[in-house]
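Take a look at the letters that make up each chain.
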Amino acid sequence: MTFRFSSFAVALLLGASAAFTPAVAQDRSIVVASTTSTQDSGLFGYLLPLFKAKTGIEVKVIAQGTGQALDTARRGDADVVFVHAKSQEEKFLAEGFGVKRFDVMYNDFVLIGPTSDPAGVSGKDIESALKAIQDKAAPFVSRGDKSGTHSAELALWKQAGIDIAATKGPWYREIGQGMGAALNTAGAMNGYVLSDRGTWISFKNRGDLEISVEGDRRLFNQYGVMLVNPEKFPSVKKEFGQAFIDWLVSTEGQTAIAGYKIDGQQLFFPNAEKKGS
Amino acid sequence: MSDELSAWQLILNGDPALFAIVRLSLAVSLSAVVLAALAGMPLGALLALTRFPGRSMLVVLLNALMGLPPVVVGLAVYLLLSRSGPLGAMGILFTPTAMVIAQTILIVPIIAALTRQTVEDLWAEYRDELTAMDVSPAGRMTTLLWDARFSLMTALLAGFGRAAAEVGAVMIVGGNIDGFTRTMTTAVALETSKGNLPLAMGLGLVLVAIVLSINAAAWGTRVWSERQAG
Amino acid sequence: MRAPSSDLPLVLDNVSLQAGATTILDRLSLTITPGTPTLIVGPNGSGKTTLLRLCMGLALPSAGRVSWGGRADSKPVRRAILFQRPVMLRRTAAANVAYALAQARTRRSQRAERIAALLQRVGLADLAHRPARKLSGGEQQRLALARALARDPEILLLDEPTASLDPAATRGVEEIILMAAQSGIKIVMASHDLGQVRRLAGDVVFLVRGGLCEQGKAADFLDHPTTREAAAFLRGDLVI
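None of the values given here were measured: they were computed from a predicted structure. (Residues numbered from 1 in each chain as written. Chains lettered and ligands numbered in written order. Predicted model: local features only at pLDDT ≥ 70, side-chain atom pairs only at ≥ 80, totals over all residues.)

So, about the overall build of chain C. From N to C terminus, chain C includes 8 helices and 9 strands. Computed over the C-alpha atoms, the radius of gyration of chain C is 18 Å, within 12% of the 18 Å expected from 2.2 N^0.38 for a compact globule of 240 residues. Projected onto its principal axes, the C-alpha coordinates of chain C cover approximately 55 × 40 × 35 Å. Considering chain C as a whole, with its 240 residues, one finds that 46% of them fall into the buried category. Within chain C, counting contacts between residues at least 6 apart in sequence, those at least 24 apart form 69% of the total. (Helix = DSSP H or I, 4+ residues; strand = E, 2+ residues; numbered from the N terminus. Rg over C-alpha atoms; globule rule 2.2 N^0.38 Å. Buried ≥ 20, exposed ≤ 12 C-beta atoms within 10 Å, placed from the backbone. Contact = placed C-beta atoms within 7 Å.)

Right, let's get into the environment of Pro109 of chain B. Relative to the helices and strands, Pro109 of chain B resides in helix α5 (residues 96–132). Among all residues touching Pro109 of chain B, those that are not within four sequence positions of it are Leu62, Leu65, Met66 and Leu68 of chain B.

Contacts between the two partners involve 28 residues from chain B, matched on the other side by 29 residues from chain A. Put simply, the parts of the chain that give the side of chain B that touches chain A at least two residues each are α2 (16–49) and α5 of chain B. When residues in the side of chain B that touches chain A are grouped by element, the largest group, 6 residues, is from α2 of chain B. Of the residues assigned to the side of chain B that touches chain A, the class counts are 11 nonpolar, 12 polar and 5 charged. (Nonpolar A, V, L, I, M, F, W, Y, C, P; charged D, E, K, R; others polar.)

Residue and element names in this part refer to chain C. Pairing is antiparallel in the open sheet, where 3 strands are placed in the order β2-β1-β4. Looking at the sheet topology across the chains shown, the edges are occupied by β2 (22–32) and β4 (63–68). Within this sheet the neighbouring strands show an average axis-to-axis angle of 20°, counted without direction. With 7 bridges connecting them, strand β1 (residues 10–19) and β2 associate as antiparallel partners. (Pairing = 2+ DSSP bridges. Axes fitted to C-alpha atoms, helices over the stretch in contact; angles between N-to-C directions.)

Moving on, we get to the confidence of the model for chain C. Residue-level pLDDT values for chain C average 91, and 98% of them are 70 or greater. Across the assembled chains, the prediction reports ipTM 0.89 with pTM 0.85. (pLDDT = per-residue confidence, 0-100.)

Okay, the interface of chain B and chain C next. Facing 12 residues of chain B, the contacting portion of chain C comprises 18 residues. With 6 residues, the top contributor of residues to the side of chain B that touches chain C is α5 of chain B. A breakdown of the residues in the side of chain B that touches chain C according to their chemical character gives 5 nonpolar, 2 polar and 5 charged.

To continue, consider the sheet that holds strand β9 (residues 211–217) of chain C. Residue and element names in this part refer to chain C. Overall, mixed pairing links the 6 strands, which are arranged β5-β6-β7-β3-β8-β9 in an open sheet. The open sheet is flanked by β5 (79–82) and β9, the only strands paired with a single partner. Each neighbouring strand pair of the sheet contributes to a mean axis angle of 15°, computed without reference to strand direction. Pairing of β5 with strand β6 (residues 155–159) involves 4 bridges; the strand directions are parallel. What sits directly across from Ala80, in β6, is Leu156.

This brings us to helix α9 (residues 179–188) of chain A. Residue and element names in this part refer to chain A. Counted residue by residue, α9 has 8 buried out of 10 residues, so it is predominantly covered. Where α9 is concerned, the buried positions are Met179, Gly180, Ala181, Ala182, Leu183, Asn184, Ala186 and Gly187. Just beyond α9, the residue with positive phi is Asn190, at close to 55°.

A few words now on the packing of helix α11 (residues 238–249) of chain A against helix α12 (residues 251–258) of chain A. Residue and element names in this part refer to chain A. The interhelical angle for the contact between α11 and α12, taken along N-to-C directions, is 65°, at an axis separation of 4 Å. Along its contact with α11, which presents Trp247, Leu248 and Val249, the element α12 presents Glu252, Gly253 and Gln254. Its residues assigned to classes, the contact of α11 with α12 shows 3 nonpolar, 2 polar and 1 charged.

With that settled, the discussion passes to the environment of Ser84 of chain B. For Ser84 of chain B, the position within the fold is in the loop between α4 (70–81) and α5. The class for Ser84 of chain B is exposed, based on 12 C-beta atoms found within 10 Å. Once the C-alpha coordinates of Ser84 of chain B and Ala112 of chain B are considered, the two residues, 28 residues apart in sequence, prove to be 32 Å apart. Setting aside residues no more than four positions away along its own chain, Ser84 of chain B makes contact with Arg75 and Gly76 of chain A.

What follows deals with unusual backbone geometry. Outside of glycine, negative phi angles account for most residues, and trans bonds account for most peptide bonds. Following Leu8 of chain C, the chain continues to Pro9 of chain C via a peptide bond in cis, the omega torsion being 0°. Note that Pro9 of chain C resides in the segment before β1. Residues other than glycine seldom take positive phi values, yet Asn190 of chain A does so here, at roughly 55°. Position of Asn190 of chain A among the secondary structure elements: in the loop between α9 and β7 (192–196). At Arg105 of chain C, a residue that is not glycine, the phi angle is positive and equals roughly 60°. One can find Arg105 of chain C in the loop between α2 (93–103) and α3 (108–121).

Once that is clear, we can look at the pairing of β1 of chain C. Residues and elements named next belong to chain C. Judged from the 5 bridges that link them, β1 and β4 form a sheet pairing that is antiparallel. Pairing of Leu12 across the sheet is with Val66, part of β4. Between β1 and β2, which pair antiparallel one after the other, the connecting turn spans 2 residues, and Gly20 there sits at a positive phi close to 70°.

Turning our eyes to something else, we now look at the packing of α2 of chain C against α3 of chain C. Residue and element names in this part refer to chain C. Running from amino to carboxyl end, α2 crosses α3 at an angle of 120°, the nearest separation of the two axes being 10 Å. When the axes of α2 and α3 are compared, the pair comes out oblique. For the crossing formed where α2 meets α3, the hand is right-handed. Where α2 approaches α3, its residues Ala93, Ala94, Val97, Ala98 and Leu101 are matched on the opposing element by Arg111, Arg114, Ile115, Leu118 and Leu119. (Parallel < 35°, antiparallel > 145°, perpendicular 65-115°, else oblique. Left-handed = near helix turned anticlockwise from the far one by under 90°.)

Counting 186 residues, the largest nonpolar core has Val80 and Val81 of chain A, Ala102, Ile111 and Val173 of chain B together with Val97 of chain C as its most contacted members. The greatest single-element share of this core, amounting to 19 residues, is contributed by α5 of chain B. Setting aside chain neighbours within four positions, we find Val80 of chain A in contact with Ile30, Val32, Val225, Met226, Leu227, Val228, Gly241, Phe244 and Ile245 of chain A. (Core = buried A, V, L, I, M, F, W, Y, C linked by C-beta atoms within 7 Å.)

Below you can see the structure in the form of structure tokens.
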């Protein structure tokens, strides 16, 4: 009877390893540390099969905030980073963790708020809107996670002349989570939140939320891609990683990005340098 | 996985992505239970049958470790397996193997602690008989573990429940990679953060239904076994 | 594989056992030699169970010595014990006997045959594949006997084995014990049932408050007790 149990256990282990093998067998793969906005908007779900069909390379995406993605790369746990906070990316390059930075695409941020608009921001530009939110102490949800969106949000407060770290009150809620979670929270507390348009368009749980401010030039959001430096981490798959980057900035990749639409709306606008290398 | 269809429709259509996620969740958690049993049951039995200075402290520690936060285990395993970490050269971060390791670490204390209690209680009952039959120390362990098998099955189910339900460890060491390390729980977390609450809830209910079936199967096995062997 | 030594004579030399402040056995000396069954009788709390546990080697004395065939080590070479409520392993009756044979280092090739023989001897041949825990009280005690006999013991110690059984079951158990005695096994049995003493005993050991009060042939003890306590006990009075 003990024997029957152990043979059952062995069968289970074999079955389990069979479940793992298909994935492990592919070594034609790279790990890309990216942001939750590119994942949550569905862009990767659209792009990666196209890339794989062309090159046979499997792209495994770890979706974290920009700051966390760059930290993952700093530990050598990713081959490529694809994020949207230029200042953080340039710091990453300066520290020697990246090889070269390429612009890939942009989208814009939008200020999301409740239809009741307690701070009266409708029709304003982004800086006035933020000042109004602070004056009225309307609830505002911050990503608070060193993501690209969080960096942009902090930069906007600064441009509006507000030292948010010093002047924030209980109305300013830092949740330390991704964009979807931030939108859920804003909806639940009838507050404002800065979001990228891509995530907003594919977000289902809108409740009472709508776009309060958009179109301001200061809400422009640039995405960049970098290969992690193989000199720092010899384990980086540099050929495959570079192939991915090359494809993203190539005409084919750029067209694919432009082709991604939700409800007929284009989410991301390709802007890689032509003849880029 | 399509956002538009509900979880129920995905099941009916035999959506391959959903089935891949279910398969992975079960493979990871069941493997973790098997490994944790292989490590934890002998450990628990040994602790039940031996006496040494500091034993009480060890028992208390083991009981306390049942409450290890999954996210802390995940973080610790991540730091071990990261390329910058001591075991980075193995290159198993962000793979199902890392997830199995993390979950095994998480549930070994549960299985060991429950085994210890069960075997200790049984030893109180069996002590005279086994001593009178001059059973060796190793023999005592195997005899008690086998005779306690129905209670130990409950311990295994407790371990499995913990593993199948957690999201913190597998999220950190697996990375929730689409088509590769996405499990039921990380999928629920993802869909929730995307605002697809009905789909997230549906997936959650599918997970509960699966765990329920496994428990029902274990119950059926026990009833059948009891009829055979009392 | 087994050492050729014997567990007899079993000698208790001025043995005492303390549990905290209580004295359970008090300077007791006793010699068990091959022969007819020895029945241990006495009021509750007189130390019968503890005496048997000492004889088996399950307990150690606080003072005095126990020796088996001249040896002081307590490894149960050729002795076995039955408790009032036997512990059945969670498996079939046959598997229980197989377990006992395995622990007694019986050769594998002989086991099947011996299992069948032992079950036959205790009248459980039809119940070989029944889960042991589902047997009745009497059947379980007979299975415990089969397990004990599997060790091919010289001494069989029994602690009130029929105290919880009905008369029919008691008879079944007593028959097996008598047959074992006739085959040369030394029976040492605690009993509270004077009728059983009369049926089974060769000689009697009478304990009171942990001490040896009277000892002698069964007929002598039962019909002509020499001590006041023994007479009181036989009359049915409470011996305090």
